[in-house]
Amino acid sequence: MNVLGIESSCDETSASVWNGTSILSNVIASQAIHEQFGGVVPELASRAHQQKIWTTVEQALLEAKLSVQNIDYIAVTNGPGLMGALLVGLSFAKGLALQTGKPIIGVNHMDAHIYANFIGETKPEFPFLALTVSGGHTQIVLVKNFFEHELLGQTRDDAAGEAFDKIGKMLGLTYPAGPQIDKLAKMGNKKTFKFPQAKLDGYEFSYSGLKTSVLYRLKKEAEPEVFIAQNLNDLCASISDAITEPLVKKIKKAVLEYDVKTVVLAGGVSANGMLRSKMKTLAQHLKLNLFVPDMAYCTDNAAMIAITGALKAERGMIDTLGLKPFASLS
Ligand code: KG4
Ligand code: ZN
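Let me sum up the structure you'll find in this document. Here the structure is a predicted model, which is why all the values come from computation and not from measurement.

Take the site of ligand 1 next. Ligand 1 sits among 19 residues. The nearest are Gly135, Asp165, Asp182, Gly268 and Asp300. In the model, a nitrogen atom of ligand 1 is placed 2.9 Å from a nitrogen or oxygen of the aspartate 182 side chain. In the model, a nitrogen atom of ligand 1 is placed 3.0 Å from a nitrogen or oxygen of the asparagine 272 side chain. In isolation ligand 1 exposes 550 Å². Once the protein is present, 90% of that is buried. In terms of domain composition, the shell around ligand 1 takes at least three residues from each of domain 1 (3-115 + 297-314) and domain 2 (123-292).

Structure, rendered in structure tokens:
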């Protein structure tokens, strides 16, 4: 079964082919234009998707050595995401489905981050817990079976990736700051600065207090730029610690409460070195099977859309050309 995946929910235009056992191609066109604005500008994202969608899909088919006629299903992200951005991928997918007569399958972007963990040879066993941490979401999900998900809790305000990006902006880093903070943190000491971690009941998270606390800490300095330059690595390490610690604590709590043996990481922040290392330690301690996607499948990509499309196709979960985009999708 060959599935073409198309992703355009935010600022990456991506297309990929999954052949039932492996990813044949995963082409990602990133949009550097947002760097200068410190965040994704929706209208610019839509325009960039329009410019890149055709060549990205063509390249994915070329690398997979397949023509569109060899494709059995067209899987496309239909939410959550930026409406204008989603519309580009969805309209393109519908056009292709109409032209070729191939069935279309709508994929929930956050589901796809979870099912990216099924790309490898060893698959997670149900039930498992998913920590989905991206630029727009921070959730703990109990995955009971394929597409049977229970949301245990999520962030009340900023997502973990958003916290990395917004705090990074205060430190003078460009968007997206997450990967840069990750790199700098590796050379710093996480104990140098003590930033607060929200203590919420259940499985909820909050990062707005951390953001404010970093802002006040920088404002205390007569010359914040000089202070940042002299302490950048330690600041990044301490901030990374404050962002990742609640994630690990809540996953531990959920593992014990729901008695699961498997945990998967999902979303862009799962690329974070400190989070991966803390989760590995927890997994050893609690004897868990920990799944962490390959780096290429952590941040937004169409390979995760293609495999999720295949899993849906195997279960008869096919859509029609009436498929709609949703900016929010539970
Ligand atoms: O999943 P993703 O590519 O897009 C969304 O669905 O949001 O996640 C992007 C987010 C950004 O906030 C980015 O800063 C963060 O993931 N991110 C990281 C790392 N790589 C990406 N955050 C921390 N450490 C990283 N290595
Ligand atoms: Zn994402």
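This part is about the side chain of lysine 250. By the element assignment, lysine 250 lies in helix 7 (residues 224-258). It is aspartate 201 that comes nearest to the buried, bridge-free lysine 250 among opposite-charge side chains, at 6.9 Å. One polar contact links the side chain of lysine 250 to the main-chain carbonyl oxygen of leucine 200, over a distance of 2.7 Å. In this view, lysine 250 contacts Ile140, Leu200, Asp201, Gly202, Tyr203, Glu204 and Phe205; residues no more than four positions away in its chain are not counted.

The strand order across the open sheet formed by five strands is 8-7-6-9-10, and the pairing between neighbours is mixed. Each edge of the sheet is formed by a strand with only one pairing partner; in this case those strands are strand 8 (148-154) and strand 10 (289-291). Neighbour to neighbour, the strand axes of the sheet diverge by 20° on average, direction disregarded. Bridge analysis of strand 7 (residues 138-145) against strand 8 gives six bridges, and the strand direction is antiparallel. When the sheet's bridge partners are listed, valine 141 is paired in strand 8 with leucine 151. Helix-sheet contacts for helix 7 involve strand 6 (128-133), strand 7, strand 8 and strand 9 (262-266), and the interaxial angle to strand 6 is about 160°.

Put simply, helix 7 and helix 8 (residues 273-286) touch, their axes get as near as 9 Å, and they point 30° apart. Of the possible angle classes, the one that applies to helix 7 and helix 8 is roughly parallel. The way helix 7 lies across helix 8 gives a crossing that is right-handed. Between helix 7 and helix 8, the contacting residues are Ala237, Ser240, Asp241, Thr244, Glu245, Leu247, Val248, Ile251, Lys252, Val255 and Leu256 on the first element and Met274, Leu275, Lys278, Met279, Leu282 and Leu286 on the second. Looking at the contact of helix 7 with helix 8 residue by residue, the class counts come to 11 nonpolar, two polar and four charged.

Cut-off values and rules
Residues numbered from 1 in each chain as written. Chains lettered and ligands numbered in written order. Predicted model: local features only at pLDDT ≥ 70, side-chain atom pairs only at ≥ 80, totals over all residues. Heavy atoms only, no water. Near = heavy atom within 4 Å. Polar contact = N/O pair within 3.5 Å; in protein donor to acceptor, adjacent residues only side chain to side chain. Areas by Shrake-Rupley, 256 points an atom, 1.4 Å probe, with all protein chains shown as cover. Domains from an automatic or database assignment. Helix = DSSP H or I, 4+ residues; strand = E, 2+ residues; numbered from the N terminus. Buried < 20%, exposed > 50% of the residue type's maximum accessible area, 1.4 Å probe, protein only. Lys, Arg positive; Asp, Glu negative; His and termini not counted. Salt bridge = Lys/Arg side-chain N within 4 Å of Asp/Glu carboxyl O. Contact = heavy atoms within 4.5 Å. Pairing = 2+ DSSP bridges. Axes fitted to C-alpha atoms, helices over the stretch in contact; angles between N-to-C directions. Parallel < 35°, antiparallel > 145°, perpendicular 65-115°, else oblique. Left-handed = near helix turned anticlockwise from the far one by under 90°. Nonpolar A, V, L, I, M, F, W, Y, C, P; charged D, E, K, R; others polar.

Read these as spatial facts, not as claims about activity.
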